[in-house]
Amino acid sequence: MEAEEVHRCVKCGLCLVTCPVYQELREESASPRAKVQLIKHYAARDLPTSPHLSELVSRCLMCGSCTANCPSGVRHDSLFRRMRSDLIDDYGENWKKKVLYHFLTHAAQLHWASKFAAFGRNVVLEKIAQEVKIGNIPLKRLPKFNQKPFRDQIADVIEPLGKPRGRVLYFTGCGTNYIYADVGRATVQVLQRMGYRVGIPKDQVCCGLPLFIQGSVSKTKENILKNIALFTRPDIDAVIVDCATCGSALRHEYPAVLADLQTDTREALELSRKVKDIGEFIFDNVEHLQPFLKATASPTIVTYHSPCHLRNAQGVKTHVEQLLEALPPVDYIRSVDFDSCCGGGGTFFYDHPNLSQRIVAKKIENAKATGARLLATGCPGCRVNLAGNLEETDAIEVVHPIQVVELGLKV
Amino acid sequence: MLKPDVKSQLKTIVGRERFLDAPEDILSYAYDAYVAECVPEAVIFPVNSEEVAHILALASKERIPVTARGAGTSLSGGAVPARQGLALCFTQMNKILQISTRDRYAIVQPGVVNGDLQKALGRERFFYPPDPASFTVSTIGGNVGENAGGPRCLKYGVTADYVMGLEVVLASGKIIRSGSRNVKDVSGYNLTSLFCGSEGTLGLVTEITLKIMPLPEAHRTILAIYDDLEKTANTVADIIGSGILPVALELMDKTVINVVEDATQLGLPREAEGMLLIEVDGITEAVEKEMNRIVAKTRNNGAIEVKQARTQAETDDLWKARRSTYSAFARLAPTCIVEDATVPVSNVPRMVGGIRAIADKHKVRIGILAHAGDGNMHPVISTDIRNKEEWARVQTATREIFELAVSLDGTLSGEHGIGLAKAEFLPLVTNADTREFMAALKKTVDPHGILNPGKFV
Ligand SMILES: Cc1cc2nc3c(=O)[nH]c(=O)nc-3n(C[C@H](O)[C@H](O)[C@H](O)COP(=O)(O)OP(=O)(O)OC[C@H]3O[C@@H](n4cnc5c(N)ncnc54)[C@H](O)[C@@H]3O)c2cc1C
């Protein structure tokens, strides 16, 4: 593989403090600097490919913290992704993971009912289910699927309440469509209240990032082109995304992947400029929300987990916290490690369950220490991981920030 | 190659999980922040002194080289296992064992990260003064190994000034203790100082007792801008010579200013020839008075502008240029080297002018950054080690910088250590008898030369 990038690393080691995996293991070989070293030697062909190399390179949450903080400007995220892509070519993917991806990326094309039937009959999926835990998450703590996909529950266009302010398109992502319909409903309700006409293109598909993160570049192109065709429109103010991962895909990965594949990037760039995270969008327009917020004498204590794909990949660092602080019914308390990765990392929780469990346990402990009843996070992956690792007796509940906003609306 | 039975004995000492020898694993212990690399034969992670003792006893018996490693941020190749053997990593011995604010000490294991200790002390309104710019990652063991410094060491002193006691495992596997929890202690040789800066060549440090201090009440920061580099450097000598002791006195030349401005767009004065970042701390009234004297001195020496920070945010802004320097240079080209020659402060003006001339003569991109208040130069060189011709010029320039420092009563390294980077220059600052004395010491405590071989001794 081509890896000129590796020569930019001066091996200063400052990435060690940013890497959640290194912080947990305290082994150089788990650090971003070490992965760059491995890739350098692999690219120079003096380190042959091997299952162990693949294992070491995969011990990464793809959280992007190293990239965001690297003094030398090394783009670890894209470097690691290309390396994974090479390793998949060498070894193929773990078969269980393949089934999970297939399930995710093709889900939208299948009919929902038939998919459930397929789940029941698919021996491979059954085998996964029998493991009792999926990765670090006990089966009984996995979220239930929506009765019907969110997009089948709602009209394609929702008219604003009160004075119209503008038009937005809503990219619902797989998380909301298949698991967290509550997030979809809250998003629509809040946007509608603020005066936006919300369009929800029915034929939208998985953003493709889950595939892409694992290095399967070629498979993602089809999804990308389809979404670009549906969402790149001159007559809208913004494309709203409620998932940090989808947001980073639409904002940054689409133009980058297409450029890599030598495909025209103009429309992707146009789309990228309009993409807004729901928390970011609401905070930027918070004056239109304010009239509809209720005052409360006894506010709820809320804390926040900042998703890596929002903070590092999209640079949305303070908006959501500021939004929570602006809500009268909320007493926002920051958790000491609110901006460190939860350990979910796409399929990391599945590939490295013990390590992931150690990382998430700390996050949960610190979130609980704030005394919060709600832990808000704008990423379904983080939400599954955090909620999946709570105990039955824990009084804290994991929600999307938009649900906290919804709680604050006047009835 | 390590013999199979030696490997299995090592695994018995620490357990399977804390011993690595797969080619993919050991490759990541070949480097530190210097340019050289050498892959060890195995990597081991002890978690207590007894394990370290067992490992060293075995290594001595089998004549296996052992190189200690903290975070691997040494800029001189100190942590590079130059003769292979074992890389012995202290990163999992990272407990803060005790903090006593009443008696003003802290006891830590060597793998404790400097920044983590600062955080723990901060909660008690205390701090540990040595503050290498790598403090977020570098370990106290590594700080002791290199006798690390940092910006505020001008006023407070370096690592060795804060190490009150050590537990050290010798090459034989014997465990010794030096110093105590007492600020004053003359019970025998001052072994503690001997180990500071010894780069893991005399023994492996397994516990450290550090002096700590209450946080100062107030601090004030200014940035003085000059149209002449000599005037900038003269101010440094003038301030220190007059008896004022700032907590930090950092110098940046025109190259640094422009490289940083390109990278950050902070709005730095691109035409300026030099800048001084000066900070004082202490009791509020004293800080005020000292700063007034400093501002007067910068003006008397011809500063064209003096910016004074009034709030914490403004202070952070003033520090931004200084803090961004390493990163800005690291982004310019693939290889970034920070040199470390140091001269008595009255010679700072001549040293600064001399470095500039050397850079121009060899057409090497060198930015002059310095902890100028204590004469510690940090010329930052950005280059590409793969470009042989340029690399040769960089090496010539580096040698000339060392020679210049020595001609000005200076020394090779203020804080980064000798390691691999500067071993060949040691004769510039030590005579043969001195080096023989070091070798004799080394031979006595490490007769088989297993501790970090291939370095300066
Ligand atoms: C970006 C950057 C900025 C820096 N800024 C500064 C600065 O401002 N001031 C400064 O002084 N240095 C600075 N350094 C250099 C470096 O960070 C210091 O030398 C630091 O003390 C090294 O600590 P470490 O934990 O990384 O040790 P390592 O690099 O792992 O080891 C350093 C040396 O100590 C030995 N050693 C490690 N642990 C032990 C032990 N337990 N017992 C015995 N020997 C041991 C090693 O064998 C090696 O010789 C900087 C480095 C970088 C990359």
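In this text, all values refer to a predicted model and were calculated from it rather than measured experimentally.

Enquirer: Tell me what's going on with the overall build of chain B, and back it up with residues and numbers.
Expert: Each helix and strand counted, chain B has 15 helices and 18 strands in total. Relative to a compact globule of 457 residues, whose C-alpha radius of gyration would be 23 Å, chain B shows 22 Å and is just as compact. If one aligns the C-alpha atoms of chain B with their principal axes, the spans along those axes are about 70 × 60 × 45 Å. The buried share of chain B, taken over its 457 residues, is 58%. Looking at chain B alone, contacts between residues at least 24 apart form 71% of all its contacts between residues at least 6 apart. Just so you have it, chain B exposes about 18400 Å², and 51% of that area is on carbon and sulfur atoms.

Enquirer: Tell me about the environment of K231(B), and name the residues and values.
Expert: All names here are of chain B. Here K231 is to be found in helix 8 (residues 229-241). Judged by its relative accessible area of 32%, K231 is partly exposed. C-alpha separation for the pair K231 and V186, spaced 45 residues apart in sequence, amounts to 44 Å. Not counting residues within four places of it along the chain, the set of residues in contact with K231 comprises Y226, N301 and G302.

Enquirer: Residue-level account of the pairing of strand 6 (residues 105-108) of chain B, with values.
Expert: Side-chain direction in a regular strand flips from residue to residue, so the side chains alternate between the two faces of the sheet. Residue and element names in this part refer to chain B. The two faces of strand 6 match: Y105 and I107 on one face and A106 and V108 on the other face are all buried. Between strand 5 (residues 96-100) and strand 6, which pair antiparallel in sequence order, lie four residues; one of them, R104, sits at a positive phi of approximately 55°. Examined bridge by bridge, strand 6 and strand 10 (residues 204-211) share four bridges and lie antiparallel to one another. Each bridged residue has a counterpart across the sheet, and for A106 the counterpart in strand 10 is L210.

Enquirer: Which residues make up the interface of chain B and chain A, and what values do they have?
Expert: Each partner contributes residues to the interface: chain B has 35 residues there, and chain A has 31 residues. Around 2600 Å² of area is buried between chain B and chain A when both sides are counted, 52% of it from carbon and sulfur atoms. Taken together, chain B and chain A are joined by four salt bridges. In this structure, R386(B) engages E4(A) in a salt bridge whose closest nitrogen and oxygen atoms are separated by 3.0 Å.

Enquirer: Now, about the packing of aromatic side chains: what can you tell me, with residues and values included?
Expert: Residue and element names in this part refer to chain B. For the coordinates displayed, the defined rule picks out seven aromatic pairs over all chains. With 6.1 Å between their ring centres and 85° between their planes, Y128 and Y162 make a pair best called edge-to-face. Taken together, the residues Y128 in the loop between strand 7 (126-127) and helix 5 (140-146) and Y162 in the loop between helix 6 (153-156) and strand 8 (163-169) connect sequence positions 34 residues apart. As far as burial versus exposure is concerned, Y128 and Y162 are alike and both buried. Judged by centre distance (4.7 Å) and plane angle (50°), the rings of F402 and F425 are tilted. With a gap of 23 residues between them, F402 in helix 13 (residues 388-407) and F425 in the loop between helix 13 and helix 14 (426-429) connect regions that are remote in the sequence. Assigned by exposure class, F402 and F425 land together as buried. In this arrangement the basic side chain of K211 is found over the ring face of Y162, its NZ or CZ atom lying 5.6 Å from the centre.

Enquirer: Talk me through the pattern of salt bridges; I want residue IDs and the actual numbers.
Expert: Following the criterion strictly, the structure yields 42 salt bridges over all chains and no others. R358(A) serves as the salt-bridge partner of E24(A), at 3.1 Å between the closest nitrogen and oxygen. Of the two residues, E24(A) is situated in helix 1 (residues 20-25) and R358(A) in helix 20 (residues 353-369); the sequence distance between them amounts to 334 residues. On the basis of relative accessibility, which here comes to 15%, the residue E24(A) falls in the buried class. Residue K297(B) is joined to D238(B) by a salt bridge in which the shortest nitrogen-to-oxygen separation is 3.8 Å. With K297(B) in helix 10 (residues 284-300) and D238(B) in helix 8, this residue pair connects regions lying 59 residues apart in the sequence. What makes D238(B) partly exposed here is its relative accessible area of 28%. A network of salt bridges, in which partner residues are shared, links E4(A), D384(B) and R386(B).

Enquirer: Any chance you could break down the site of the ligand for me, citing the residues and the numbers?
Expert: Neighbouring residues of the ligand: 35 residues in total, closest A68(B), G70(B), T73(B), S134(B) and T139(B). The residues that come close to the ligand belong to more than one chain, namely chains A and B. One of the side-chain nitrogen or oxygen atoms of S134(B) is found 2.6 Å away from an oxygen atom of the ligand. G142(B) is positioned such that a nitrogen or oxygen atom in its backbone is 3.2 Å from an oxygen atom of the ligand. When residues of the shell around the ligand are traced back to their parent elements, those giving at least two are strand 3 (66-69), helix 5 and strand 10 of chain B. Among the elements that take part in the shell around the ligand, helix 5 of chain B stands out by supplying five residues, more than any other. In the shell around the ligand, the residues fall into 14 nonpolar, 17 polar and four charged.

Enquirer: Quick rundown of the pairing of strand 5 of chain B? Include the residues and the values.
Expert: Pairing between strand 5 of chain B and strand 6 of chain B: four bridges, direction antiparallel. Bridging across to strand 6 of chain B, S100(B) finds its partner in Y105(B).

Enquirer: Mind laying out the domain arrangement of chain A, listing which residues take part and the relevant values?
Expert: Residue and element names in this part refer to chain A. Segmentation of chain A into domains returns domain 1 (4-91) and domain 2 (292-407). With centres defined by C-alpha atoms, the gap from domain 1 to domain 2 works out at 27 Å. The interface of domain 1 with domain 2 comprises 14 residues on the first partner and 14 residues on the second. Both sides of the domain 1 and domain 2 interface together cover about 1100 Å² of buried area, and 60% of this is carbon and sulfur. Contact with domain 2 buries area across many residues of domain 1, yet E24, L61 and C63 alone supply 50% of it, more than any other trio.

Enquirer: Which residues make up the confidence of the model for chain A, and what values go with them?
Expert: Scored by pLDDT, chain A comes out at a mean of 87, with 89% of its residues at no less than 70. Counting interchain partners and residues more than four positions distant, the pLDDT-below-50 stretch residues 107-121 of chain A has 19 contacts.

Enquirer: Would you mind going over the sheet that holds strand 6 of chain B in detail, with residue names and values included?
Expert: Residues and elements named next belong to chain B. One open sheet holds the five strands; their spatial order is 5-6-10-8-9, and the pairing between them is antiparallel. Two strands in the sheet have a free side with no partner beyond their single neighbour: strand 5 and strand 9 (175-179). The mean angle between the axes of side-by-side strands here comes to 10°, regardless of whether they run parallel or antiparallel. Against the sheet, helix 3 (residues 49-62) contacts strand 8, strand 9 and strand 10, and its axis sits at roughly 50° relative to strand 8. In the packing of helix 4 (residues 114-122) onto the sheet, the strands contacted are strand 5, strand 6 and strand 10, and the crossing angle to strand 5 comes to about 35°.

Enquirer: Any details on the sheet that holds strand 8 (residues 300-304) of chain A? Residues and values, ideally.
Expert: Residues and elements named next belong to chain A. Spatially, 9-8-10-11 is the arrangement adopted by the four strands of the open sheet, whose pairing is parallel. What marks the edges here is a single partner per strand, and that holds for strand 9 (330-332) and strand 11 (397-399). Within this sheet the neighbouring strands show an average axis-to-axis angle of 35°, counted without direction. Pairing of strand 8 with strand 10 (residues 374-376), which is carried by three bridges, proceeds in the parallel orientation. Across the sheet, the residue bridging to V302 is L374, located in strand 10.

Enquirer: Could you give an account of helix 4 of chain B, naming the residues involved and the relevant values?
Expert: All buried positions along helix 4 of chain B are accounted for by N114(B), G115(B), L117(B), Q118(B), A120(B) and L121(B). On the buried face of helix 4 of chain B, the contacting elements are strand 5, strand 6, strand 7, helix 5 and strand 10 of chain B.

What counts as what
- Residues numbered from 1 in each chain as written.
- Chains lettered and ligands numbered in written order.
- Predicted model: local features only at pLDDT ≥ 70, side-chain atom pairs only at ≥ 80, totals over all residues.
- Heavy atoms only, no water.
- Helix = DSSP H or I, 4+ residues; strand = E, 2+ residues; numbered from the N terminus.
- Rg over C-alpha atoms; globule rule 2.2 N^0.38 Å.
- Buried < 20%, exposed > 50% of the residue type's maximum accessible area, 1.4 Å probe, protein only.
- Contact = heavy atoms within 4.5 Å.
- Areas by Shrake-Rupley, 256 points an atom, 1.4 Å probe, with all protein chains shown as cover.
- Pairing = 2+ DSSP bridges.
- Buried area = accessible area lost by both parts, 1.4 Å probe.
- Salt bridge = Lys/Arg side-chain N within 4 Å of Asp/Glu carboxyl O.
- Phe/Tyr/Trp six-rings, centres within 6.5 Å; stacked < 30°, edge-to-face > 60°.
- Lys NZ or Arg CZ within 6 Å of the ring centre and 35° of its normal.
- Near = heavy atom within 4 Å.
- Polar contact = N/O pair within 3.5 Å; in protein donor to acceptor, adjacent residues only side chain to side chain.
- Nonpolar A, V, L, I, M, F, W, Y, C, P; charged D, E, K, R; others polar.
- Domains from an automatic or database assignment.
- pLDDT = per-residue confidence, 0-100.
- Axes fitted to C-alpha atoms, helices over the stretch in contact; angles between N-to-C directions.

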